Amino acid sequence: MKDLSIVIPTLNEEENVKVLINILNRLYKEAEILVVDSGSKDKTKDIALKLNAKVVEAGNGLCRAVLEGIKEAKNNFIVVMDADLQHPPELVKEIYENLKHNDIVVGTRFNREDYGNLSFIRYFISKTANFTARKFLNIKINDPMSGFFGVKKDLAKKINEERCVKEGYKVLFDILKQFSDIKIKEVRYKFQIRKEGKSKLGLKHLIFLIKSFIK
Ligand SMILES: Nc1nc2c(ncn2[C@@H]2O[C@H](COP(=O)(O)OP(=O)(O)OP(=O)(O)O)[C@@H](O)[C@H]2O)c(=O)[nH]1
Ligand SMILES: [Mg+2]
């Protein structure tokens, strides 16, 4: 998988990043691993460098970090995944394989069970946002709010960043709403429990999500 880059946004994920990069190094020896960090105060960056990942320093915001990482990636096949092991590393291969015949491949949670132990309120917000995106923006997939996806660099170059909410969490949605004529494939996965560390998700992200619909 010499032509694969894996982009991992991080904010204080020292316990998780070590485990994740070790797994990725084992499974995908030849892939480029980019840790895109927004000023972690812990050892996230040191650990990533020690494990031979490339560290990209980005400004605040998950979406901003992912867009930076995608730009810095050297390969045409790019997979974006969280650092906290909620996205199963084994699925990267399936996303990568499917990217060969598609522009975007989405790790999709189809039903309540796929959302794992996520609270009802977060499940409800995600489902409502997905429904609204399908209904009003004509996005024909099940989980445009997923943070686990693959994208080809060729397509990423055409993203209009003005339409992205950089402080927000929904970078895939910000991308999908810009393209109507692309090939998309969904692969099923189950959202895992955050392994270590703290969630960075807050109420402000709900405001950013609403902004994403308007932009
Ligand atoms: N670079 C960067 N990464 C971020 C930022 N905010 C969150 N992240 C990372 O983005 C990923 C997703 O953030 P989480 O806090 O896990 O969000 P979540 O998965 O929706 O929430 P939990 O289920 O509670 O974990 C993690 O790898 C975070 O470290 C940010 O501002 N900049
Ligand atoms: Mg998480």
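Located above this text is the structure these notes cover.
Basis of the calculations
- Residues numbered from 1 in each chain as written.
- Chains lettered and ligands numbered in written order.
- Predicted model: local features only at pLDDT ≥ 70, side-chain atom pairs only at ≥ 80, totals over all residues.
- Heavy atoms only, no water.
- Salt bridge = Lys/Arg side-chain N within 4 Å of Asp/Glu carboxyl O.
- Helix = DSSP H or I, 4+ residues; strand = E, 2+ residues; numbered from the N terminus.
- Buried < 20%, exposed > 50% of the residue type's maximum accessible area, 1.4 Å probe, protein only.
- Pairing = 2+ DSSP bridges.
- Axes fitted to C-alpha atoms, helices over the stretch in contact; angles between N-to-C directions.
- Contact = heavy atoms within 4.5 Å.

Peer 1: Residue-level account of the pattern of salt bridges, with values.
Peer 2: Tallied over the full model, the rule gives 13 salt bridges. Of the charged contacts, one joins E57 and K45 as a salt bridge, the two residues approaching to 3.4 Å between their closest N and O atoms. One end of the pair, E57, is in strand β3 (residues 54–57); the other, K45, is in helix α2 (residues 44–50), with twelve residues separating them in the sequence. When the shortest N-O distance is used, the salt bridge between E68 and K71 registers 3.5 Å. Here E68 and its partner K71 are both found in helix α3 (residues 62–72), three residues apart, which amounts to about one turn of the helix. For E68, a relative accessible area of 26% corresponds to the partly exposed category.

Peer 1: Talk me through the sheet that holds strand β7 (residues 184–188); I want residue IDs and the actual numbers.
Peer 2: Spatially, the seven strands line up as an open sheet ordered β3-β2-β1-β4-β6-β5-β7, and their pairing is mixed. Bordering the open sheet on either side are β3 and β7, each of which pairs with just one other strand. On average, adjacent strands in this sheet sit at an angle of 20° to one another, irrespective of strand direction. Sheet topology note: the strand β5 (residues 104–108)/strand β6 (residues 149–152) ladder contains three bridges and is antiparallel. Of the residues in β6, the one forming a bridge with I104 is V151. Sheet strands touched by helix α1 (residues 14–27): β1 (4–10) and β2 (32–37). Its angle to β2, the strand with the most contacts, is close to 160°. In the packing of helix α4 (residues 91–99) onto the sheet, the strands contacted are β1, β4 (77–80), β5, β6 and β7, and the crossing angle to β7 comes to about 160°.

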